[in-house]
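Okay, here's what each chain looks like letter by letter:
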Amino acid sequence: MYALVTTGWYNIQHNPHLIIWLCNITAVMGLILSFRFNQKLFDVFFYFAWTGDLLTLLIWPNPVSPPLETYPLSWAGFVLKHTAPLALTILFIKQGRLLNKNAAWTALKVMLIYAGFISIYNLLFDQNILDLRYPTLDIELLFGDWPLYIGVNILLAFIWYYIIHVITNRMKLVKVS
């Protein structure tokens, strides 16, 4: 809750559209799962956390992170909002919760629906959520102009989902039947 409140406050002050970013949705999923477990939601949450949250923590300094110097509470919330879902997935696994064998496909479908919604949202509200209109990360600039960099991002997402699928199967984090 701390992470959602502090980053939500920051987002409302700087760009209210940031509230519908995937990290906020993932954090809300984690809160819901903490009170009421749902297998499909867990499958999606697991993949969203181990793609989006992990990637966000690896890209530093992050262009959407509140500045530590001027917004230390929101910055702490930002870091917590991206680490807590990862920790929650581990906690759920330790509690005996496993992924469905089709978890990767379920999460991928939900991600594609979200990206489709966001692409329309971006056009309607002149936003760039998911970097679907122009690149904001230095690495994306290496992938080429629009829409080429989007194709590379999608390909990388497919590869990353596949890697998570292979790792979770090898670690026996997927239900057998």
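Above: the structure in question.
Let me sum up the structure you'll find in this document. (Residues numbered from 1 in each chain as written. Predicted model: local features only at pLDDT ≥ 70, side-chain atom pairs only at ≥ 80, totals over all residues. Heavy atoms only, no water.)

Another point: the layout of surface pockets. To locate leftover empty space, one rolls a probe as large as a water molecule over the atoms. A volume near 1,200 Å³ is recorded for the largest pocket. What lines the largest pocket is a set of 42 residues, among which Gly52, Leu55, Leu130, Glu140 and Asn153 lie closest to the centre. Those elements that place two or more of their residues in the lining of the largest pocket are α2 (22-35), α3 (39-58), α4 (72-94), α5 (103-125), α6 (138-141) and α7 (148-170). Among the residues forming the lining of the largest pocket, the class breakdown is 28 nonpolar, 11 polar and 3 charged. (1 Å grid on protein atoms, 1.4 Å probe; cavity = no way out; pocket = protein on both sides within 12 Å on 5 of 7 lines; lining within 4 Å. Points joined across faces, edges and corners; volume = space filled by probe spheres on them. Helix = DSSP H or I, 4+ residues; strand = E, 2+ residues; numbered from the N terminus. Nonpolar A, V, L, I, M, F, W, Y, C, P; charged D, E, K, R; others polar.)

Between Trp60 and Pro61 the backbone carries a cis peptide bond, its omega angle lying at 0 degrees. Take Pro61: it is sitting in the loop between α3 and α4. Omega for the bond connecting Trp146 with Pro147 falls within 30 degrees of zero, at 0 degrees, which places this linkage in the cis form. Locating Pro147 in the fold gives a position in the loop between α6 and α7. The backbone of Leu130 sits at a positive phi, close to 65 degrees, despite the residue not being glycine. Within the secondary structure, Leu130 is located in the loop between α5 and α6. With relative accessibility at 32%, the residue Leu130 sits in the partly exposed group. (Buried < 20%, exposed > 50% of the residue type's maximum accessible area, 1.4 Å probe, protein only.)

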